[in-house]
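Per-entry structural report
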Amino acid sequence: MDPTRFLRKRAHLRRPTIAAFLLALSISLPLRMATQTPPLRVVAPKVVQAPARLKLVVLVVVDQMRADYVDKFLPQWTRGLRRLVEEGAWFRDAAYPYAATGTCVGHATISTGAFPATHGMVANAWWDRKEQRMVTCTADPDPAARNIGYSGVTPKGADTAWRMALPSFAEELKFQTGGATRIVSFSLKARAALTMAGHKADAATWFDSGTWVTSSPYGVQAFIEEQAKSHPAKADFGKAWTLSLPEKVYWYDEKALGAVPPGGWDLTFPHPLRGKAGTGELDPDFYNQWASSPYADTALTELAKKAVDDLKLGHSAGTDFLAVGYSTVDYVGHEFGPRSREIQDILIRLDKDLGNLFAHLDQKVGRGNYIVALTADHGVVPIPEDMQRTGVDAGLLHLPELQERIEKALDPFHYPKPAIASVNGSDIYFAPGVYDKLQNDHAAMQAVLDAALAQPGVAAVYRSEELRDRPPTQSPALRAFAYSYFPGRSGDLFILPKPYWLLDSTPTGKSRSYGTGHGVPYNYDQHVPILLMGFGIQHGQYFQPVTPADIAPTFAALCGITLASRDGHVLAEALKKPAEAGSSSQLARPKSARTAASNTNP
Ligand SMILES: [Zn+2]
């Protein structure tokens, strides 16, 4: 469709409103005026200008980027991250209101503007009760679906966004504005690339088996093939990640306490990309090192720039959509923790990559013609051993031990063995029929709850029947679990750990293969940055409590489209007023809506 037709149509639709206003004005004129003065000359008011068109929406999601990283590390940033703060709108009190603070969940929330109770992506993987096995959020059982590798690689499996119960913002944009929109997304992770793009896209690309990968509902692009061949990850073999600035600017000790680096690395810089220690081969350790290094972020940036050039993003008849999910901060955070030189340095590197990306967009799309939103899918808890140094109660909530306690507690009650089918993070799933029976078996249920509460680190246990349909509650934790509860997919019981206790699934007797994690309703996992910059955005710092579900509705308002869910709200504080922006879609949100918003954004 011709995009100006859409805009013309909207401008035209305003005319009856103006005519009605003039009619009302003439009726309310005092009679004296109406009879004694010459007839009112109706001067046609200036027709409201069609708003300048937003050419490209850019979504940047930095996996596991805590909100406080912006406060702490801003002095070392000089490029893209700094520019977002200096030119953009910085929401300093943005947080997920729900419990399931994970990657698939967060990206789907950002992309749809809805909470997991609505979009249904409740975890990276969950227990499929019908299939009686774990399924990932993107695993697609459709026999027609298959993953497709670039540069001659044949990847396993089939990943799509079919389990996401809502369309993404990008899909809605394309559907509602006539189809000219191109949708392109990149990440190291399928669950990020696919949820940001939606059910179909021109490109949704992630990293697997040493190369870039997509799947059958998404487009295969020649420029990605070219990039996969000319700049493969293996070309970074032998390079090393070194500290980019003098040691004195780094906040933390040389070695992060409790850190577990990828195979072949130790706890001190430089971190060489040479695979397993000593072998110097392109083994899985090399690819883990690469994904945990600045080289992976740079590879994603280069792909995004290529997409802008090759597809001429921002030059279609519609508004195009580009999403980049930077995964490396998450890998580095899991390995080295939030209090590490590695986290500080990886963000210094990302600042440069984003600077390059924005400079490229300025040049190819034009400053002011695109909008960027940067946020994160979740935060992270400090490494428990590190936190314990402060004297605060912190530790590991060992889930296999918890599971054993519950099984034992059910011994006297004649339940099938094992009674638990799966423990996945906070979610406990019982074997078929067990939970239905427990709900009518008060003594056995009490024994289960008591056993769970006896496990070190458990603060509370919630039952699924308490969470259905988001019941009104004064309990922030109960509300958080209700916001991420999706019937059929979520567990039967939910474990809330004490603050600074990490949910740990390491099999009994094995040593932990990671430093720390996320996935619970505490602020360290929920509090993330939201930074908006560019088209229609009013520079400033904003302290209203908001959520990343507000990003998609804000994009939608700027593009004049409607999303299905009202979980998120337009970030009206950060939008230029119509006179400044020349856009009818940028009206300030009425006060009443703002009050309602803060009620639902704990
Ligand atoms: Zn993670």
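One can find the structure itself at the top, above this paragraph.
Residues numbered from 1 in each chain as written. Predicted model: local features only at pLDDT ≥ 70, side-chain atom pairs only at ≥ 80, totals over all residues. Heavy atoms only, no water.

**Things to note about the nonpolar core**
In plain terms, the rule: The nonpolar core is taken to be a set of buried Ala, Val, Leu, Ile, Met, Phe, Trp, Tyr and Cys residues, with the residues joined through side-chain atoms within 4.5 Å. Between buried and exposed lies partly exposed: a residue is buried under 20% and exposed over 50% of the maximum accessible area for its type, with that area taken using a 1.4 Å probe on protein chains only. Elements are defined by DSSP. Helices are runs of H or I of four residues or more, strands are runs of E of two residues or more, and each kind is numbered from the N terminus. By definition in these notes, contact holds between two residues if any of their heavy atoms fall within 4.5 Å.
In this structure, Leu-59, Met-65, Phe-169, Phe-186, Trp-212, Trp-290 and Leu-347 are the most contacted members of the largest nonpolar core, which totals 121 residues. The element that contributes the greatest number of residues to this core is helix α14 (residues 341–366), accounting for 10 residues. In contact with Phe-169, not counting residues within four places along its chain, are Val-57, Ser-111, Phe-321, Ala-552, Phe-555, Ala-556, Cys-559, Ile-561 and Leu-563. Core analysis: the second largest hydrophobic core is formed by 46 residues, Leu-399, Ala-451, Leu-496 and Tyr-522 among them.

**Some details on helix α5 (residues 80–87)**
Along α5, the residues that are buried comprise Gly-80, Leu-81, Arg-83, Leu-84 and Val-85. Where α5 is buried, its residues contact α4 (68–73), β2 (89–91), α14, β12 (370–375) and β19 (530–534).

**Re the packing of helix α6 (residues 103–112) against helix α9 (residues 190–197)**
Filter applied, for reference: Axes here refer to lines fitted to C-alpha atoms; in helices the fit is confined to the stretch in contact. Angles between the N-to-C directions go from 0 to 180 degrees. We call two directions roughly parallel when the angle between them is under 35 degrees, roughly antiparallel when it is over 145, roughly perpendicular when it lies between 65 and 115, and oblique otherwise. Left-handed describes a crossing whose near helix is turned anticlockwise from the far helix by less than a right angle; the clockwise case is right-handed. Residue polarity is assigned by list, with Asp, Glu, Lys and Arg as charged and Ala, Val, Leu, Ile, Met, Phe, Trp, Tyr, Cys and Pro as nonpolar; anything else, Gly included, falls into the polar class.
Axis separation between α6 and α9 bottoms out at 8 Å; the angle between their running directions is 20 degrees. Our classification of the angle between α6 and α9 gives roughly parallel. Between α6 and α9 lies a crossing whose hand is right-handed. Of the residues in α9, those in contact with Thr-103, Cys-104, His-107, Ala-108 and Ser-111 of α6 are Arg-191, Ala-192, Thr-195 and Met-196. A class-by-class count of the residues in the contact of α6 with α9 yields 4 nonpolar, 4 polar and 1 charged.

**What about the layout of surface pockets?**
Note the following rule: Residues are said to line a cavity or pocket when one of their atoms sits within 4 Å of a point; the points come from a 1 Å grid over protein atoms alone, cavities being sets where a 1.4 Å probe fits but cannot get out and pockets being open sets with protein on both sides within 12 Å along at least five of seven lines. Grid points are joined across faces, edges and corners, and a volume is the space filled by probe spheres set on the points.
Roughly 1000 Å³ of volume is contained in the largest pocket. Around the largest pocket, the lining comprises 43 residues; the ones closest to its centre are Asn-124, His-334, Asn-424, Gly-425 and His-518. When contributions to the lining of the largest pocket are tallied by element, the ones reaching two or more residues are α6, α13 (328–336), β18 (501–504) and α20 (523–526). Of the residues belonging to the lining of the largest pocket, the class tally is 21 nonpolar, 15 polar and 7 charged.

**As for the coordination of the zinc ion**
For the record, the criterion: For Na, K and Ca the donor cutoff is 3.2 Å, while for all other metals N, O and S atoms must lie within 2.8 Å; water is not among the atoms, so some sites may look incomplete. In these descriptions, tetrahedral denotes four donors with every angle between 85 and 135 degrees, square planar four donors and octahedral six donors with opposite donors over 155 degrees apart and the rest between 65 and 115, and irregular any other case.
The protein atoms donating to the zinc ion are Asp-330 (OD), Asp-330 (OD), His-334 (NE2) and His-518 (NE2), with metal-donor distances spanning 2.1 to 2.7 Å. Here the zinc ion binds 4 donor atoms, and the angle range of 52 to 162 degrees at the metal identifies the geometry as irregular. Read from N- to C-terminus, the donor residues coordinating the zinc ion fall into the pattern D-x3-H-x183-H. With a gap of 184 residues between them, His-334 in helix α13 and His-518 in the loop between β18 and α20 connect regions that are remote in the sequence.

**Focus: the sheet that holds strand β14 (residues 420–424)**
For the record, the criterion: When DSSP finds at least two bridges between two strands, those strands are taken to pair.
The strand order β14-β15-β17-β16 describes an open sheet built from 4 strands, whose pairing is antiparallel. Since the sheet does not close on itself, it has two edges, and those belong to β14 and β16 (458–463), each with one partner. Strand-to-strand twist in this sheet, taken as the mean axis angle between neighbours without regard to direction, amounts to 20 degrees. Relative to β14, helix α16 (residues 399–409) is tilted by about 150 degrees, and along the sheet it contacts β14, β15 (427–430), β16 and β17 (493–497). On top of the sheet, helix α18 (residues 442–453) reaches β15, β16 and β17; it is set at about 150 degrees to β16, its chief contact.

**Some points on the state of the cysteines**
Selection rule: Here, the term disulfide refers to a pair of cysteine sulfur atoms separated by no more than 2.5 Å.
Counted by the stated rule, this structure contains 1 disulfide. Residue pairing for Cys-104: its cysteine sulfur links by disulfide to Cys-137, the two sulfurs lying 2.2 Å apart. Torsion about the S-S bond of the Cys-104 and Cys-137 cystine: about 110 degrees, corresponding to right-handed handedness. Note that Cys-104 is positioned in helix α6 and Cys-137 in the loop between β4 (133–136) and β5 (147–149), a separation of 33 residues in sequence.

**Thoughts on unusual backbone geometry**
The peptide bond linking Phe-269 to Pro-270 adopts the cis configuration, its omega dihedral lying at -5 degrees. Mapped onto the secondary structure, Pro-270 falls in the loop between β9 (240–241) and β10 (271–272). Residue Pro-418 is reached from Lys-417 by a cis peptide bond, and omega for that bond is -10 degrees. Here Pro-418 is to be found in the loop between α16 and β14. The phi angle at Gln-64 is positive, at roughly 70 degrees, despite the residue not being glycine. Structurally, the position occupied by Gln-64 is in the loop between β1 (56–62) and α4. Overall, the relative accessible area of 0% leaves Gln-64 in the buried class. Positive phi outside glycine occurs at Ser-151, with the angle close to 50 degrees.

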